[in-house]
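Fold and contact review
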Amino acid sequence: MTIRATNQPRVRVVPLRPLPAPAGPAPAREPLWRDLVGGVLRSERQAQGRTLKDVADAARISMPYLSEVERGRKEASSEVLAAAAQALGLSLAEVLALAQGELIRLSAARSRSIGRPAGPGAGAGGMGTVRLAA
């Protein structure tokens, strides 16, 4: 006699039916930070006409890892991002500012496509403008 036979009743598994497809186009997903930063690194590298190997060597990180970061497959540490930025002749702040600009652009486009106001403070009940201390 097995434990299953003595302690557990026999259970019938009923498969779930798939949900019906929503009407209209699927809403765009929220962009991920790793996709944005990776895209900035890749576009800056390509704009400089540099190879993945060249930048990876200059940053002292592996070429496969840099490729994964550029494609948004890996969430790079701040040290790796700073090294990649420096290899491209940029500061970490410049890379992050470019990624922020892309996030704002994509978020605004996403908000327009689903009919919502974009950005902080937009629409009723907004939080107002965010200001960073200098």
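Structure shown above.
All of the points below concern the structure found in this document. Everything numeric here is computed off the predicted structure, so don't read it as measured data.

This paragraph deals with the overall build of the chain. Scanning the chain from terminus to terminus reveals six helices and zero strands. Residues classed as buried in the chain amount to 22% of the 134 residues present. Pairs at least 24 residues apart make up 60% of the contacts formed inside the chain by residues separated by at least 6 positions. Accessible area for the chain stands at about 10200 Å²; split by element, carbon and sulfur atoms hold 58% of it.

Right, let's get into unusual backbone geometry. Phi at R60 takes a positive value of approximately 60°, unusual for a residue other than glycine. Looking at where R60 falls in the secondary structure, it is placed in the loop between α3 (52–59) and α4 (63–70). What makes R60 exposed here is its relative accessible area of 77%.

Attention now goes to the side chain of E70. Looking at where E70 falls in the secondary structure, it is placed in helix α4. Judged by relative accessible area, E70 falls into the buried class, the value being 5%. Within polar-contact distance, the side chain of E70 engages the side chain of R42 at 3.0 Å. Ignoring any residue separated from it by four or fewer positions in sequence, one finds E70 in contact with G38, G39, L41, R42, R45 and L52.

Right, let's talk about the nonpolar core for a bit. Residues V37, L41, L66, L81 and V95 are the most contacted members of the largest nonpolar core, which totals 21 residues. For this core, the secondary structure elements donating two or more residues are α2 (33–47), α3, α4, α5 (78–87) and α6 (92–114). Ranked by residue count, the leading element in this core is α5, at five residues.

With that out of the way, let us pick up the packing of α3 against α4. Helices that pack against each other are described as a pair by the angle of their axes relative to one another and the distance between those axes. Where α3 meets α4, the axes come as close as 9 Å, and the angle between the chain directions of the two elements is 110°. In terms of their interaxial angle, α3 and α4 are classed as roughly perpendicular. Every residue of α4 that contacts α3 at L52, K53, V55 and A56 is listed here: M63, L66, S67 and E70. Grouping the constituent residues of the contact of α3 with α4 by class yields five nonpolar, one polar and two charged.

To continue, consider the pattern of salt bridges. Applying the stated criterion across every chain yields a total of seven salt bridges. With its nearest N and O atoms 3.0 Å apart, the salt bridge here joins R42 to E70. Of this pair, R42 sits in helix α2 while E70 sits in helix α4, and the two are 28 residues apart along the sequence. Residue classification places R42 among the partly exposed positions, given a relative accessible area of 27%. Note that R71 and E68 form a salt bridge whose closest N and O atoms lie 2.4 Å from each other. The partly exposed category is assigned to R71, whose relative accessible area is 37%. Residue classification places E68 among the partly exposed residues on the basis of a relative accessible area of 23%.

Reading guide: rules and limits
- Residues numbered from 1 in each chain as written.
- Predicted model: local features only at pLDDT ≥ 70, side-chain atom pairs only at ≥ 80, totals over all residues.
- Heavy atoms only, no water.
- Helix = DSSP H or I, 4+ residues; strand = E, 2+ residues; numbered from the N terminus.
- Buried < 20%, exposed > 50% of the residue type's maximum accessible area, 1.4 Å probe, protein only.
- Contact = heavy atoms within 4.5 Å.
- Areas by Shrake-Rupley, 256 points an atom, 1.4 Å probe, with all protein chains shown as cover.
- Polar contact = N/O pair within 3.5 Å; in protein donor to acceptor, adjacent residues only side chain to side chain.
- Core = buried A, V, L, I, M, F, W, Y, C linked by side-chain atoms within 4.5 Å.
- Axes fitted to C-alpha atoms, helices over the stretch in contact; angles between N-to-C directions.
- Parallel < 35°, antiparallel > 145°, perpendicular 65-115°, else oblique.
- Nonpolar A, V, L, I, M, F, W, Y, C, P; charged D, E, K, R; others polar.
- Salt bridge = Lys/Arg side-chain N within 4 Å of Asp/Glu carboxyl O.

This is a description of form; function is not addressed.
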